[in-house]
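Examination of the molecular architecture
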Amino acid sequence: MTNNSDCCNSHNPTPGAIELVNSRSCPNETLNDLAATFKILGEPVRIKILHALSISDLCVCDLSEILDMSHSAVSHQLRILRTARMVRFEKHGRRAVYSLNDKHVEIIMQTALAHMQGHGCGVPLGDK
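Residues numbered from 1 in each chain as written. Predicted model: local features only at pLDDT ≥ 70, side-chain atom pairs only at ≥ 80, totals over all residues. Heavy atoms only, no water.

Points about the pattern of salt bridges
In total, this model carries 3 salt bridges according to the counting rule given. Aspartate 62 is the partner of arginine 95 in a salt bridge, and the nearest nitrogen-oxygen pair spans 3.6 Å. Taken together, the residues arginine 95 in strand β3 (residues 95-100) and aspartate 62 in helix α4 (residues 60-67) connect sequence positions 33 residues apart. Among the residues examined, arginine 95 registers a relative accessible area of 43% and is labelled partly exposed. Relative accessible area serves as the criterion here: at 27%, aspartate 62 is assigned to the partly exposed category. For glutamate 90, the salt bridge goes to arginine 88, with nearest N and O atoms at 4.0 Å. For glutamate 90, a relative accessible area of 46% corresponds to the partly exposed category. (Salt bridge = Lys/Arg side-chain N within 4 Å of Asp/Glu carboxyl O. Helix = DSSP H or I, 4+ residues; strand = E, 2+ residues; numbered from the N terminus. Buried < 20%, exposed > 50% of the residue type's maximum accessible area, 1.4 Å probe, protein only.)

Pasting the structure below:
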């Protein structure tokens, strides 16, 4: 906690700080999209799906078994993650195998786990 002498006693912004932030800030639309991404990541089931897919590519049946959920419920969550461009799938005959969409999703998961635990957990991501 700061003492009162460190706080602004009147409206007297730091010279150059406002201009610096304004010149480097992302557009509001981009920040709103980022907030929507975090909202999607706010659902524990989706985090579990992304974590599982960071370990191995999986089909709906695999995810259903891992999460102890119905195929329909898993498919619904995968649809949300696909729409958000966090996962993708490839058809192998009649089977759809899901994976993380790209390295960025892996980095988000890796960074968040490292932040929470200091080291993440289990095998490092990317060692599929």
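Here the narrative resumes.
Quick notes on the sheet that holds β3
Taken in spatial order, the 3 strands of this open sheet run β1-β3-β2, and their pairing is antiparallel. Each edge of the open sheet carries a strand with a single partner, namely β1 (58-59) and β2 (87-92). The strands that helix α5 (residues 71-83) touches are β2 and β3; relative to β2, the one it contacts most, it runs at about 115 degrees. (Pairing = 2+ DSSP bridges. Contact = heavy atoms within 4.5 Å. Axes fitted to C-alpha atoms, helices over the stretch in contact; angles between N-to-C directions.)

A few points about the environment of isoleucine 49
One can find isoleucine 49 in helix α3 (residues 44-55). Measuring from C-alpha to C-alpha, the distance between isoleucine 49 and leucine 81 comes to 9.2 Å, with 32 residues separating the pair along the chain. Setting aside anything within four residues of it in sequence, one finds isoleucine 49 in contact with Leu63, Leu67, Gln77, Leu78 and Leu81.

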